[in-house]
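Okay, here's what each chain looks like letter by letter:
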Amino acid sequence: MAEIISLREAVERFINDGDKVALEGFTHLIPTAASHEIIRQGKKDLHLVRMTPDLVYDLLIGAGCARKLTFSWGGNPGVGSLHRLRDAVEKQWPNALEIDEHSHADMANAYVAGASGLPFALLRAYAGSDLPKVNPNIKFIECPFTGEKLAAVPSVRPDVTVIHAQKADRKGNVLLWGILGVQKEAALAAKRCIVTVEEIVDDINAPMNACVLPTWALTAVCHVPGGASPSYAHGYYERDNRFYQAWDPIARDRETFTAWIDEYIRGTEDFAQFQQKIAEAK
């Protein structure tokens with residue numbers, strides 16, 4: 001059964017140095033607040049997993065929390081490169097970063113395999129692609145029934161998955177809606193799962209065919225309003241496009257980036273204080 005606790009306590013108890021950690025959320029419901037708390041607590045040597053590394057992983061990599069990244073696309077959506085990711089890969093700052101690159105279809109199938117308790121995923125893919133030449137974790141096998149050549153990749157089984165959602169009830173059941181990405185699969189594939197939510201209610205009133213993560217599949221639920229910002233939470237707030245644009249010059253320079261996280265993340269007690277400080281700076 002999921003415990004309803006603070007995000008600070010959840011990160012302290014359930015994310016350990018060296019863990020494989022997936023922070024998932026596609027377009028919206030990106031667990032920004034959780035990435036900040038990981039930085040505040042100085043977690044390190046993490047193997048980060050995410051289909052679309054964006055600002056949350058640029059932060060974690062630049063803050064020195066990561067040693068490896070398994071992913072299928074990386075960038076600042078609509079703006080350009082992730083400069084902290086690029087600096088770590090090209091110049092090993094602040095740490096060398098090992099990368100394990102896949103396609104979107106590959107990663108999605110790998111999460112499904114992990115949630116199903118399978119050791120690897122199969123898919124028809126990579127015809128004409130150069131990724132198998134640079135990623136030894138993409139292999140090919142022959143179907144024993146048809147002789148067809150199929151791609152095989154290791155399943156994704158995080159030590160910890162962190163997602164953001166709209167609602168939870170007081171028993172720890174979680175409701176999320178809108179674009180789901182692989183949040184459900186990532187949650188079910190993990191040994192432990194932390195969910196930050198916009199609100200905790202007496203009854204989530206889930207509509208038919210809604211995505212509900214049951215309390216018994218989760219580890220901790222944390223009330224963090226606005227916890228996906230600057231991405232959006234469908235039904236709660238819009239995407240802060242200006243933040244994504246403003247991030248580019250901040251992340252380009254090591255000293256500017258370090259000063260920013262020292263002031264706005266390490267220099268704040270929690271995400272609520274971060275939001276207040278950002279609002280005052282506008």
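In short, a report on the structure. As the structure is a computational prediction, the values presented were derived from the model and not from experiment. (Residues numbered from 1 in each chain as written. Predicted model: local features only at pLDDT ≥ 70, side-chain atom pairs only at ≥ 80, totals over all residues. Heavy atoms only, no water.)

### Remarks on the sheet that holds strand β7 (residues 139-142)
Piece 1. Taken together, the 3 strands give an open sheet; going across it, the order is β6-β8-β7, and neighbouring strands pair in antiparallel fashion. With partners counted over all chains shown, the strands left at the sheet margins are β6 (120-123) and β7, one partner each. Adjacent strand axes in the sheet meet at a mean angle of 40°, parallel and antiparallel pairs treated alike.
Piece 2. Judged from the 4 bridges that link them, β6 and strand β8 (residues 149-154) form a sheet pairing that is antiparallel. For Phe120, the partnering residue across the bridge sits in β8 and is Pro154.
Piece 3. In the packing of helix α5 (residues 104-115) onto the sheet, contacts are made with β6 and β8, and the angle to β6 comes to roughly 135°. (Pairing = 2+ DSSP bridges. Helix = DSSP H or I, 4+ residues; strand = E, 2+ residues; numbered from the N terminus. Axes fitted to C-alpha atoms, helices over the stretch in contact; angles between N-to-C directions. Contact = heavy atoms within 4.5 Å.)

### Observations concerning helix α9 (residues 254-264)
Piece 1. Here α9 has its buried residues at Phe257, Trp260, Ile261 and Tyr264. Viewed end-on, α9 has its buried residues packed into an arc of 90°, placing them on one side of the element.
Piece 2. Its side-chain oxygen placed 3.1 Å from the backbone nitrogen of Glu255, Asp253 serves as the N-cap of α9. (Buried < 20%, exposed > 50% of the residue type's maximum accessible area, 1.4 Å probe, protein only. Arc of directions from axis to C-beta. Polar contact = N/O pair within 3.5 Å; in protein donor to acceptor, adjacent residues only side chain to side chain.)

### Considerations on the packing of aromatic side chains
Piece 1. Applying the stated criterion across every chain, the model contains 8 aromatic pairs.
Piece 2. Arranged with centres 6.5 Å apart and planes meeting at 10°, the rings of Phe243 and Trp247 form a pair that is stacked. One end of the pair is Phe243 and the other is Trp247, both in helix α8 (residues 241-252) and 4 residues apart, which spans about a single turn.
Piece 3. With a relative accessible area of 17%, Phe243 lands in the buried category.
Piece 4. The exposure class assigned to Trp247 is buried, which follows from its relative accessible area of 2%.
Piece 5. Arranged with centres 5.1 Å apart and planes meeting at 80°, the rings of Trp247 and Trp260 form a pair that is edge-to-face. On the criterion of sequence distance, the pair formed by Trp247 in helix α8 and Trp260 in helix α9 is long-range, its members being 13 residues apart.
Piece 6. Here the aromatic residues Phe243, Trp247, Phe257, Trp260, Tyr264, Phe271 and Phe274 are joined through ring pairs into a cluster of three or more.
Piece 7. The residue whose ring lies beneath Arg84 is Phe257, and the NZ or CZ to ring-centre distance is 5.9 Å.
Piece 8. Sitting over the ring of Tyr244, Arg239 keeps its end group 3.7 Å from the ring centre. (Phe/Tyr/Trp six-rings, centres within 6.5 Å; stacked < 30°, edge-to-face > 60°. Lys NZ or Arg CZ within 6 Å of the ring centre and 35° of its normal.)

### Considering the environment of Ala108
Piece 1. Structurally, Ala108 can be placed in helix α5.
Piece 2. Along the sequence, Ala108 and Val182 sit 74 residues apart, while their C-alpha atoms lie 6.6 Å from each other.
Piece 3. For Ala108, the residues in contact, after removing those within four places along its chain, are Met51 and Val182.

### Looking at a nonpolar patch on the surface
Piece 1. Side chains of Phe120, Leu122 and Ile141 sit close together on the surface and give an oily, nonpolar patch of about 240 Å² of accessible area.
Piece 2. With respect to the element layout, Ile141 can be found in strand β7.
Piece 3. On the basis of relative accessible area, Ile141 is assigned to the partly exposed category, the value being 34%. (Patch = residues over 30% accessible without salt bridge, like charges linked within 9 Å, V, L, I, M, F, W, Y side chains within 5 Å. Areas by Shrake-Rupley, 256 points an atom, 1.4 Å probe, with all protein chains shown as cover. Salt bridge = Lys/Arg side-chain N within 4 Å of Asp/Glu carboxyl O.)

### A closer look at unusual backbone geometry
Trans peptide bonds make up most of the peptide bonds, and negative phi angles are found at most residues other than glycine.
Piece 1. In the segment running from Trp93 into Pro94, the intervening peptide bond is cis, with an omega of 0°.
Piece 2. Mapped onto the secondary structure, Pro94 falls in the loop between α4 (83-91) and β5 (98-101).
Piece 3. With omega at 20°, the peptide bond leading from Ser229 into Pro230 counts as cis.
Piece 4. In this structure, Pro230 sits in the loop between β13 (220-223) and α8.
Piece 5. Located in the positive-phi region is Leu29, a residue other than glycine, with phi close to 55°.
Piece 6. Looking at the secondary structure, you find Leu29 in the loop between β2 (20-23) and α2 (32-40).
Piece 7. On the accessibility criterion, Leu29 (0% relative accessible area) is buried.

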